[in-house]
Structure formats: structure tokens, C-alpha cells
Amino acid sequence: EVQLVESGGGLVQNGGSLRLSCVASGFRFNDYAIGWFRQAPGKEREGVSAISGSDGSPYYARSVKGRFTITSDNAKNIVYLQMNNLKPEDTAVYSCAVGPITIATLTLFQGYTSWGQGTQVSVSS
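Read on for a plain summary of the structure. Fair warning: this is a prediction, and the values are worked out from it, not measured in the lab.

Focus on the pattern of salt bridges
Here is step 1 of the chain: By the definition in use, this model includes four salt bridges.
Here is step 2 of the chain: Put simply, arginine 38 and aspartate 90 hold a salt bridge, and the shortest N to O gap is 2.8 Å. In this pair, arginine 38 sits in strand β4 (residues 32–39) while aspartate 90 sits in the loop between β8 (78–83) and β9 (92–100), placing the two residues 52 residues apart along the sequence.
Here is step 3 of the chain: Taking the relative accessible area as the measure of exposure, aspartate 90 reaches 0% and is therefore buried.
Here is step 4 of the chain: Between aspartate 90 and arginine 67 there is a salt bridge, and its shortest N-O distance comes to 2.7 Å. Here aspartate 90 is found in the loop between β8 and β9, whereas its partner arginine 67 is found in the loop between β6 (58–60) and β7 (68–73), with 23 residues between them in sequence.
Here is step 5 of the chain: Overall, the relative accessible area of 10% leaves arginine 67 in the buried class.
Here is step 6 of the chain: Through salt bridges with shared partners, one network takes in Arg38, Glu46, Arg67 and Asp90.

Re the sheet that holds strand β3 (residues 18–25)
Here is step 1 of the chain: Reading across from one edge, β1-β3-β8-β7 is the order of the four strands in this open sheet, with antiparallel pairing throughout. The strands lining the two open edges of the sheet, one partner per strand, are β1 (3–7) and β7. For this sheet, the mean angle separating the axes of adjacent strands, direction not counted, is 15 degrees.
Here is step 2 of the chain: With five bridges connecting them, β1 and β3 associate as antiparallel partners. Paired with valine 5 across the strands is valine 23, a residue of β3.

Calculation rules
- Residues numbered from 1 in each chain as written.
- Predicted model: local features only at pLDDT ≥ 70, side-chain atom pairs only at ≥ 80, totals over all residues.
- Heavy atoms only, no water.
- Salt bridge = Lys/Arg side-chain N within 4 Å of Asp/Glu carboxyl O.
- Helix = DSSP H or I, 4+ residues; strand = E, 2+ residues; numbered from the N terminus.
- Buried < 20%, exposed > 50% of the residue type's maximum accessible area, 1.4 Å probe, protein only.
- Pairing = 2+ DSSP bridges.
- Axes fitted to C-alpha atoms, helices over the stretch in contact; angles between N-to-C directions.

This is the structure in C-alpha cells:
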């Protein structure tokens, strides 16, 4: 059974940092892509970042490039999202998801098949 469990969310001030973790189980980590998504109240879900399990190549949405860093520890099946210089508009529930390694999953954040429950990130102004 595929399981994804996020942690690390919280409340920070404008300009602060947080590191999110996504612990994955139930599948061979190296064969899949892991993506981070966020959804703010009243808004559509947005792809934030993704990483290829096979070679660790990272991908970012334009809105977070230069501020967020995605990494993976394949030995522990954990994907991290380091978020620096957080802004109030980053406030959302952040979730991780797993999908096949394709151009669509990595660059368009489409085609993910299983999701975690999410963790709340709140940035005060």
C-alpha cells in the first residue's frame, strides 16, 4: 500500500524558513517521481516542486524558484522541501504525491496518483 506522510508545517513570519518532510512507503522509491503541491483556501491546487527518484533531478514552479529546494534521501525514502524567504502568499496546505517519472509529472506537475494528507504552512505578514 502506498503511503505518504508529510510533516514540518507551522506558523512563521514573513521571510522565515521551514523544512517539510514527506516519508514514503509501499513502492520502490527510485522508480517514481515525488511532487510537492499546495492549496490555499479558495484556490486551485498548485504544483510547487518535484524530484525524480531515479537521478534526483529537481524541478520548481516559477513562483518558488530560488527560494525552495527539494532533495531526497533515497535510503530513507524521504523527500524534503526546504522553504526559505517565505511570503504570506505561500500560506497553504502542502501535500506530497507520487507518480511515474515523466516530463508531465516533473515539469507540469500532472499525472500524480497517490497523495498524502498534507501539512499546514502559514506565513504571517
